[in-house]
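Analysis of the macromolecular model
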Amino acid sequence: MKRFLAVFNARNIEFFKDKSALVPTILLPLVLIVGFAVIFSDNNKTLYKVGVIGNDETPIEFLSTQYIQTIPFKSQTTALDKLKHHQIHMVIKLDSKNIYWINSSSPDSYLLARILRGSGGEYFKKQIIEGKEIDYIDWVLPGILSFNIMFGCLFGVGFAIVRYRKNGYLKRLKATPLNPVEFLLAQMASRLLLMLGVTAIILLLSALIIDYTMHGSYLLLFLVFFIGSICMISLSLVVAARVVSEELAGGL
């Protein structure tokens, strides 16, 4: 027990003396709590979005219903394209024809149509457009890929360099013909190639295992991944340039 307490006390003293590690441990959670409190303190309780084409002098009661946000559109094509891709839940055209459109695969569109008929809008003509429902995987996959790239680039380069400095590895490299530019470029290129390769494998396996929706060019997608990876690696190098403590580097 004496040996255990000796190591226990030594580790506690080491932690509290390392101000660079203590500050992120206390400050980072506090910043996250305040940040999330500000982000999610919005009192806007909008549940449904309705695109409105035209301008009627006597607006219907439906458009003033609580929790429904009206978005004006000048172009019918633009509004219907938003509805097709589930960015809004209904489109209403206020003119002599009085037409509204809903997406056949959207539960919110169905509910809005029922609300419209129950609030004096039974004289509106219903039109239905087709649009593929956005699955949960279509929403979460890009975020997971970006999250993986961010952490892989931040910790894979900057954290490693801080560890090299702490272990004396960088001093030993001075005895070799390798210059700093070559060392940094090699670190960046290695991590860049690795993260892009891993991302490509994840996308390929995801396409084989699950059916996700991809609109656009894969070439442009990987160009975004390429530029984003360089940005994350550059940020990690900014941290690694001066930081000596691994705890501080991880916190930052």
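These numbers were taken from a predicted model, which means no experiment stands behind them. (Residues numbered from 1 in each chain as written. Predicted model: local features only at pLDDT ≥ 70, side-chain atom pairs only at ≥ 80, totals over all residues. Heavy atoms only, no water.)

Let us now look at the confidence of the model for the protein chain. Looking at the protein chain as a whole, its pLDDT mean stands at 83, while 94% of the residues score no less than 70. When mean pLDDT is compared element by element in the protein chain, helix H8 (residues 218–240) scores highest at 91, while helix H2 (residues 19–39) scores lowest at 75. (pLDDT = per-residue confidence, 0-100. Helix = DSSP H or I, 4+ residues; strand = E, 2+ residues; numbered from the N terminus.)

Looking now at the packing of helix H5 (residues 136–167) against H8. The geometry of H5 relative to H8 is characterised by a closest axis approach of 8 Å and an angle of 30 degrees between their N-to-C directions. If you check the angle between H5 and H8, you find them roughly parallel. Note that H5 runs across H8; the crossing there is right-handed. Of the residues in H8, those in contact with Leu-145, Ser-146, Ile-149, Met-150, Cys-153, Leu-154, Val-157, Gly-158, Ile-161, Val-162 and Arg-165 of H5 are Phe-225, Ser-229, Met-232, Ile-233, Leu-235, Ser-236, Leu-237 and Ala-240. Here the residues of the contact of H5 with H8 are counted per class, giving 14 nonpolar, four polar and one charged. (Axes fitted to C-alpha atoms, helices over the stretch in contact; angles between N-to-C directions. Parallel < 35°, antiparallel > 145°, perpendicular 65-115°, else oblique. Left-handed = near helix turned anticlockwise from the far one by under 90°. Contact = heavy atoms within 4.5 Å. Nonpolar A, V, L, I, M, F, W, Y, C, P; charged D, E, K, R; others polar.)

Together, Ile-201, Leu-204, Leu-205, Leu-208, Ile-209 and Ile-210 give the surface a local cluster of nonpolar side chains, amounting to about 620 Å² of exposed area. Position of Ile-201 among the secondary structure elements: in helix H7 (residues 180–209). (Patch = residues over 30% accessible without salt bridge, like charges linked within 9 Å, V, L, I, M, F, W, Y side chains within 5 Å. Areas by Shrake-Rupley, 256 points an atom, 1.4 Å probe, with all protein chains shown as cover. Salt bridge = Lys/Arg side-chain N within 4 Å of Asp/Glu carboxyl O.)

Along helix H3 (residues 76–84), the positions that sit buried rather than exposed are Ala-79, Leu-80 and Leu-83. Along the long axis of H3, the arc covered by the buried residues comes to 95 degrees, so they all point the same way. Residues of H3 that are buried sit in contact with strand S1 (48–53), strand S2 (68–73), strand S3 (90–93), strand S4 (99–103), helix H4 (107–118) and strand S5 (125–129). Sitting at the head of H3, Ser-75 places a side-chain oxygen 3.4 Å from the backbone nitrogen of Thr-77. Directly beyond the C-terminal end of H3, a positive phi value near 65 degrees is found at His-86. (Buried < 20%, exposed > 50% of the residue type's maximum accessible area, 1.4 Å probe, protein only. Arc of directions from axis to C-beta. Polar contact = N/O pair within 3.5 Å; in protein donor to acceptor, adjacent residues only side chain to side chain.)

H7 packs onto H5 with a crossing angle of 155 degrees between their chain directions and a minimal axis gap of 10 Å. Classified by the interaxial angle, the pair formed by H5 and H7 is roughly antiparallel. Both H5 and H7 take part in a crossing whose hand is right-handed. The residues of H7 that touch H5, namely those facing Leu-141, Leu-145, Asn-148, Ile-149, Gly-152, Cys-153, Gly-156, Val-157, Ile-161 and Tyr-164, are Phe-183, Leu-184, Gln-187, Arg-191, Met-195, Val-198, Thr-199, Ile-202, Leu-203 and Ser-206. A per-class count over the contact of H5 with H7 returns 13 nonpolar, six polar and one charged.

This brings us to unusual backbone geometry. The backbone of Tyr-67 sits at a positive phi, close to 75 degrees, despite the residue not being glycine. Along the chain, the position of Tyr-67 falls in the loop between S1 and S2. Since its relative accessible area comes to 41%, Tyr-67 is described here as partly exposed. Positive phi, normally seen in glycine, also occurs at His-86, with a value near 65 degrees. Within the secondary structure layout, His-86 lies in the loop between H3 and S3.

In terms of nonpolar packing, the biggest core is built from 22 residues, with Cys-153, Ile-161, Leu-203, Phe-225 and Ile-233 touching the most fellow members. Where this core is concerned, the elements lending two or more residues are H5, H7, H8 and helix H9 (246–251). Ranked by residues supplied to this core, first place goes to H5 with seven residues. Not counting chain neighbours up to four residues away, the residues in contact with Phe-225 comprise Leu-145, Ser-146, Ile-149, Leu-196, Thr-199 and Leu-203. (Core = buried A, V, L, I, M, F, W, Y, C linked by side-chain atoms within 4.5 Å.)

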